[in-house]
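# Breakdown of the fold
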Amino acid sequence: MKNLLKISLLLLLAVGFTSCNDDKSYEDPGLDVTLYNLSGTWKLETWNNGESLADGSYVYIELSYRDGNEFTIYQNLDSFGPRRITGVYNLYTDESLGSILRGMYDYENGDWAHRYIVSNLFSDRMTWTATDDAQNVSLYVRCDGIPQEILDQYKDEIEAEESEEE
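Report on the accompanying structure. This is a predicted model, so every value here is computed, not measured.

## Comments concerning a negative patch on the surface
Residues Asp67, Glu70, Asp156, Glu159, Glu162, Glu164 and Glu165 make up a contiguous surface patch of negative charge. In terms of residue count, helix α4 (residues 155-165) provides more of the negative patch than any other element does, five residues in total. Looking at where Glu164 falls in the secondary structure, it is placed in helix α4.

Written out as structure tokens, the structure is:
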């Protein structure tokens, strides 16, 4: 009888250990990386593989797939004042890397410094990793829009562009 109890206990432990594996297949795989799913307003949350932005610094990017894949970046990281930068972006698939995002600035200012692998795309966040520097990892979070206090800094510039379009 003791042996039967020992065997039963061992079987229960074995079943318990084998059922608790680390298979992550049950986790939400996220969204497909498409122009539609990328479209919206995003705020840079962390960069350089997890570093937070300095107090008062910001980067917002609006991605629009309806207007010829245009982007607008609002940022104050690489200059003495805030900047509004526009251009177009493209999404393509690399067989070994996955979904790659690249951009070209307006006014013949060239391409983005890097092309980015877009991964972990969810409705509220996504990760960009530079194709040429695996340590250059940025986390973007979706937001409702550009804060009004930032838009107010560009009011004249935005109005001038809108009048040109008419």
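## Section: the pairing of strand β5 (residues 83-94)
In regular strands, side chains alternate between the two faces of the sheet. Where strand β4 (residues 70-75) meets β5, six bridges bridge the pair, whose relative direction is antiparallel. Of the residues in β5, the one forming a bridge with Thr72 is Thr86. Pairing analysis gives eight bridges linking β5 to strand β6 (residues 98-105), with the strands arranged antiparallel. Residue Val88 lies in a different strand from β6, and its bridge partner there is Met104. In sequence, β5 turns back onto β6 through a hairpin of three residues.

## Brief notes about the packing of aromatic side chains
Counted under the stated rule, the structure contains nine aromatic pairs. With a centroid separation of 6.0 Å and an interplanar angle of 45°, the aromatic rings of Tyr58 and Tyr60 are classed as tilted. The two residues Tyr58 and Tyr60 agree in class, both being buried. Look at Tyr74 and Tyr154: their rings are 5.3 Å apart centre to centre, the planes differ by 65°, and that puts the pair in the edge-to-face class. Taken together, the residues Tyr74 in strand β4 and Tyr154 in the loop between α3 (148-151) and α4 connect sequence positions 80 residues apart. Using a relative accessible area of 3% as the deciding quantity, one classes Tyr74 as buried.

What counts, and where the lines are drawn
Residues numbered from 1 in each chain as written. Predicted model: local features only at pLDDT ≥ 70, side-chain atom pairs only at ≥ 80, totals over all residues. Heavy atoms only, no water. Patch = residues over 30% accessible without salt bridge, like charges linked within 9 Å, V, L, I, M, F, W, Y side chains within 5 Å. Areas by Shrake-Rupley, 256 points an atom, 1.4 Å probe, with all protein chains shown as cover. Salt bridge = Lys/Arg side-chain N within 4 Å of Asp/Glu carboxyl O. Lys, Arg positive; Asp, Glu negative; His and termini not counted. Charge placed at Lys NZ, Arg CZ, Asp CG, Glu CD. Helix = DSSP H or I, 4+ residues; strand = E, 2+ residues; numbered from the N terminus. Pairing = 2+ DSSP bridges. Phe/Tyr/Trp six-rings, centres within 6.5 Å; stacked < 30°, edge-to-face > 60°. Buried < 20%, exposed > 50% of the residue type's maximum accessible area, 1.4 Å probe, protein only.

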